Amino acid sequence: MTESPPRAWAEIDLSALLHNLAVARKLSGKEVMAVIKAEAYGHGLEETARALDSCGLPFLGVANAGEARRLARAGIKTTPYILGATLPAERAEIASNEWTPCLCSLDEIAHFNQLGRAKPISAHLALDTGMGRGGFLPDQIPEALVAIKSSPGIKLTGIGSHLPVADEDETFTRQQIALYDKIAATIPQDHSPFYIHISNSAGLMKYHSTTSNLARPGLLLYGISPFPDEQKQLKPVMSLKTRISVINELPKGHGVSYGRTLLTRDTKAAVLGIGYGDGYPRSLSEKGTKVLINGTLCPLLGRVTMDQIIVDVTKLSECQPGDEAILFGTDLIVSDLALKAGSIPWELLTQITPRVERRYL
Ligand SMILES: *Cc1c(COP(=O)(O)O)cnc(C)c1O
């Protein structure tokens, strides 16, 4: 029996991912840790990791032990790096699999030291230079270094910090990176290679750290720039698509969708098979949102429902049920939708639900 195609799907262009990685490498001039947490920003964890595994990256950045385990089970060889503090219950698994954690507290240092008694654990030290989400404050770093020095179970192989406002506040970010570079220069590098990292996508695109030899881009790899003026050099990896199910000729004054948005003229209204149940945000309703059909931008009518949306195709001469519609992709950047939805591209990408079939090109 034939299986029906999905109502909504996401095309994932893995060659675009590799293009963006090349851009990241060129920008950094150094090494790159590909951040693939949260299902690789909605692009599919295993598939994305597989595409990156042969690229010679030192690390793949994940959020927790569960994501690292999925990489191991998929046969991925690149070392998972756990971004952020670990829970005590995760640490034995992290240690035994030789995933790289970042040490955010004296408790973590003590615990990993214990777990690394038989075989020392490679770990990075997390510095909090402004993010407030874990890591040692500048004045706590000497104490952390003393603790690590007396921990034979830990091999310090790097340090990292994180930028909270690299896409919002240039003055703070410049000061923050200068502070980081000053501290980084004082950390003993007893192991080689020793990784020094602070930059996310925005940091990599607009700033320079004198000490860093590794960048940690996420968004940029998926072809979305945190800065609209830098979008051109990147290729969006995901295109979110659906189809027209039916086209209705509705008279002026008729209501459309929940809440009955009233039509101000006779309208050709196409129904599309995607809604907030697919992760297409309901907050895009009544915001001047557009959808691309046969090369023409068509306005969204009324509210986004769970499984369907309605768009105005009155001006479209060529269009019929079955035609493809693009919600976002190369010619309709997800960042513009995020702005309309009062959100950010990171959130829109990661909230595309499993009902949306990922198709790899
Ligand atoms: C998510 C994350 C990144 C990647 O951020 P982008 O803005 O997507 O490039 C880098 N570092 C850390 C610690 C993160 O949590």
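Residues numbered from 1 in each chain as written. Predicted model: local features only at pLDDT ≥ 70, side-chain atom pairs only at ≥ 80, totals over all residues. Heavy atoms only, no water.

Student: Is there a simple way to think about the nonpolar core in this case?
Tutor: What tends to happen in soluble globular proteins is that the nonpolar side chains get buried as a cluster. Counting residues in each nonpolar core, the largest one holds 100 residues, and the members touching the most others are Ile 36, Leu 125, Tyr 280, Ile 293, Ile 309 and Val 311. The greatest single-element share of this core, amounting to six residues, is contributed by helix 1 (residues 14–28). When we break this core down by domain, the ones giving at least three residues each are domain 1 (14–224) and domain 2 (238–360). Every residue in contact with Val 311, bar those within four places of it in the chain, is listed here: Lys 268, Ala 269, Ala 270, Leu 272, Val 291, Ile 293, Cys 298, Pro 299, Leu 300 and Leu 301. Of all hydrophobic cores here, the second largest spans eight residues; its members include Met 33, Phe 59, Cys 102 and Leu 214. (Core = buried A, V, L, I, M, F, W, Y, C linked by side-chain atoms within 4.5 Å. Buried < 20%, exposed > 50% of the residue type's maximum accessible area, 1.4 Å probe, protein only. Helix = DSSP H or I, 4+ residues; strand = E, 2+ residues; numbered from the N terminus. Domains from an automatic or database assignment. Contact = heavy atoms within 4.5 Å.)

Student: For this particular structure, what's the right way to read the domain arrangement of the protein?
Tutor: Bring the parts together and some accessible area is lost; that lost area is often taken as the interface size. Taken domain by domain, the protein comprises domain 1 (14–224) and domain 2 (238–360). Its C-alpha centre places domain 1 at a distance of 38 Å from the equivalent point of domain 2. Roughly 950 Å² is buried in total at the junction of domain 1 and domain 2, and carbon and sulfur atoms are behind 72% of that figure. Three residues stand out in domain 1 for area buried against domain 2, namely His 43, Leu 219 and Ile 224, and they jointly supply 46% of the buried area on that side. (Buried area = accessible area lost by both parts, 1.4 Å probe.)

Student: Looking at this structure, how should I read helix 5 (residues 88–97)?
Tutor: One turn of an α-helix holds 3.6 residues; hence residues three or four places apart share an orientation. Looking only at helix 5, the buried set comprises Glu 90, Arg 91, Ile 94 and Ala 95. Mapping the buried residues of helix 5 onto a view down its axis gives an arc of 130°, with all of them on the same face. For helix 5, exposure combined with an orientation more than 90 degrees from the buried face picks out Ala 89 and Ser 96. On its buried face, helix 5 is in contact with helix 4 (65–73), strand 5 (79–82), strand 6 (100–103), helix 6 (106–115) and strand 7 (121–126). Phi turns positive one or two residues past the end of helix 5, at Glu 98, with a value near 60°. (Arc of directions from axis to C-beta.)

Student: Sorry, what's going on with the layout of surface pockets here?
Tutor: Summary: where empty space remains is shown by rolling a probe the size of a single water molecule over the atoms. Its volume calculated, the largest pocket comes out at about 1100 Å³. Considering the residues around the largest pocket, the lining is formed by 47 residues, among which Lys 37, His 162, Leu 163, Asn 200 and Trp 346 are closest to the centre. Of all the elements in the fold, those that place two or more residues in the lining of the largest pocket are helix 2 (37–42), helix 9 (201–206), helix 10 (334–340) and helix 11 (345–350). For the lining of the largest pocket, the element with the highest residue contribution is helix 10, accounting for four residues. Of the residues in the lining of the largest pocket, the class split is 26 nonpolar, 14 polar and seven charged. The residue makeup of the lining of the largest pocket includes at least three contributed by each of domain 1 (14–224) and domain 2 (238–360). Roughly 390 Å³ of internal volume is contained in the second largest pocket. As for the second largest pocket, its lining consists of 20 residues, of which Glu 98, Thr 100, Ile 121, Ser 122 and Lys 155 are closest to the centre. Only helix 5, strand 7 and strand 8 (154–160) provide two or more residues apiece to the lining of the second largest pocket. If you tally residues by element for the lining of the second largest pocket, the top one is strand 7, at three residues. A per-class count over the lining of the second largest pocket returns nine nonpolar, eight polar and three charged. (1 Å grid on protein atoms, 1.4 Å probe; cavity = no way out; pocket = protein on both sides within 12 Å on 5 of 7 lines; lining within 4 Å. Points joined across faces, edges and corners; volume = space filled by probe spheres on them. Nonpolar A, V, L, I, M, F, W, Y, C, P; charged D, E, K, R; others polar.)

Student: How should the packing of aromatic side chains be read in this particular structure?
Tutor: For any pair of aromatic rings, the description rests on two quantities: the centre-to-centre distance and the angle between the ring planes. Counting across every chain of the model gives three aromatic pairs. Ring centres of Tyr 41 and Tyr 222 lie 4.7 Å apart, and the angle between their planes is 25°; this geometry places the pair in the stacked category. One end of the pair, Tyr 41, is in helix 2; the other, Tyr 222, is in the loop between strand 10 (214–215) and strand 11 (238–250), with 181 residues separating them in the sequence. Pair check on accessibility: Tyr 41 and Tyr 222 agree, each one buried. One aromatic cluster in this structure is built from Phe 59, Tyr 81 and Tyr 195. Positioned above the aromatic ring of Phe 227, the side-chain terminus of Lys 206 is 3.8 Å from the ring centre. Above the plane of the ring of Trp 9 lies Arg 359, whose end atom (NZ or CZ) is 5.1 Å from the centre. (Phe/Tyr/Trp six-rings, centres within 6.5 Å; stacked < 30°, edge-to-face > 60°. Lys NZ or Arg CZ within 6 Å of the ring centre and 35° of its normal.)

Student: Just to check I follow, could you spell out the pattern of salt bridges for this structure?
Tutor: Applying the stated criterion to the full structure yields eleven salt bridges. Salt-bridge contacts for Glu 46 lead to Arg 70; the nearest nitrogen and oxygen are separated by 2.9 Å. Highlighted residues: Glu 46 in helix 3 (residues 45–53) and Arg 70 in helix 4, separated in sequence by 24 residues. Look at Arg 70 and you get partly exposed, because its relative accessible area is 31%. A salt bridge links Asp 278 to Arg 355; the shortest N-O distance between them is 2.8 Å. Of this pair, Asp 278 sits in the loop between strand 14 (267–272) and strand 15 (290–293) while Arg 355 is found in the loop between helix 11 and strand 19 (357–360), placing the two residues 77 residues apart along the sequence. Residue Asp 278 is classed as buried on the basis of its relative accessible area, which comes to 3%. Through salt bridges with shared partners, one network takes in Glu 11, Lys 241 and Glu 324. (Salt bridge = Lys/Arg side-chain N within 4 Å of Asp/Glu carboxyl O.)

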